[in-house]
Structures are given as C-alpha cells and as structure tokens.
Amino acid sequence: MIDVIATIRAKAGRRDRVLGELLRIRPEVLDEEGCHRYFPLENVATDIPIQETLGEDTLILLEQWASVAHLEAHLATAHMKSYQEAVSPWVEEAGIQVLNAGL
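Residues numbered from 1 in each chain as written. Predicted model: local features only at pLDDT ≥ 70, side-chain atom pairs only at ≥ 80, totals over all residues. Heavy atoms only, no water.

Our next topic: helix α3 (residues 78-87). Buried within α3 we find His79, Met80, Tyr83 and Val87. The buried side chains of α3 occupy one side of the element, clustering within an arc of 100° when seen end-on. Structural note: α3 exposes Ala78, Lys81 and Glu85 on the side pointing more than 90 degrees away from its buried face. (Buried < 20%, exposed > 50% of the residue type's maximum accessible area, 1.4 Å probe, protein only. Helix = DSSP H or I, 4+ residues; strand = E, 2+ residues; numbered from the N terminus. Arc of directions from axis to C-beta.)

Further remarks concern a nonpolar patch on the surface. The grouping of Val68, Ile96 and Val98 at the surface amounts to a nonpolar patch, some 230 Å² of accessible area in total. In this structure, Val68 sits in helix α2 (residues 68-75). (Patch = residues over 30% accessible without salt bridge, like charges linked within 9 Å, V, L, I, M, F, W, Y side chains within 5 Å. Areas by Shrake-Rupley, 256 points an atom, 1.4 Å probe, with all protein chains shown as cover. Salt bridge = Lys/Arg side-chain N within 4 Å of Asp/Glu carboxyl O.)

Spatially, four strands are ordered β2-β3-β1-β4 in an open sheet, and the strand pairing comes out antiparallel. What marks the edges here is a single partner per strand, and that holds for β2 (35-42) and β4 (91-100). Strand-to-strand twist across the sheet, computed as the mean angle between neighbouring axes with direction ignored, equals 15°. Relative to strand β3 (residues 58-65), β2 is paired through seven bridges, and the arrangement is antiparallel. Bridged to Pro40 within β3 is Leu61. Contacts from α2 reach β1 (2-10), β2, β3 and β4, with the element oriented near 130° to β3. (Pairing = 2+ DSSP bridges. Axes fitted to C-alpha atoms, helices over the stretch in contact; angles between N-to-C directions. Contact = heavy atoms within 4.5 Å.)

Function cannot be inferred from these measures alone, as they are strictly geometric.
Printed below as a string of structure tokens:
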C-alpha cells in the first residue's frame, strides 16, 4: 500500500477550474483497480504556529493505491491524460510524493 500526496499550484485565479476537473474525473479514478482514496483538499487557515500555509491557488490531493504499479497504471489512463491536457493552461506547478504506508 502506498500513499501519494499531490500538490497542485494553479495559476492565479484558476484553482476552481483545476478543482472542477479533479472532481469531474474523481468517480472514474475511484473505480480504478487498486485505488483506495482520491481526495482533493484545500488549506484551512489557523493560528497554529507550525502550520505551513499554502497559497490560495494551491490544492492538495491525497491518494492511496495498492501498489506503485497501480499508480503507474492510473497515470496512463485516458481520463488522467484528458485531465492533464485540460488543466495544463491553468497549472503553474505540480508534483507528487509517493510514500510507504507500511512502516
């Protein structure tokens, strides 16, 4: 089992469009073999001093997959390719962290 944290920084004012595309493909992603979680999140402002504050145009996506092979298959799906094409004009930067949940 692996966990993935995807960070997506949208261009100014484009966060809602990126989020809309994520929500559009979410049902298909959740139906993929090996997908246990695919959950977009946004920053919550608090007074907690150690909190890293993300910009208002940043989204975090929490994913859980049965294996790296399942994640790789996910990234090659038609709906992911369609999503990436749709949001490319609106995304400033995106990256993932792949983490081992089995410690």
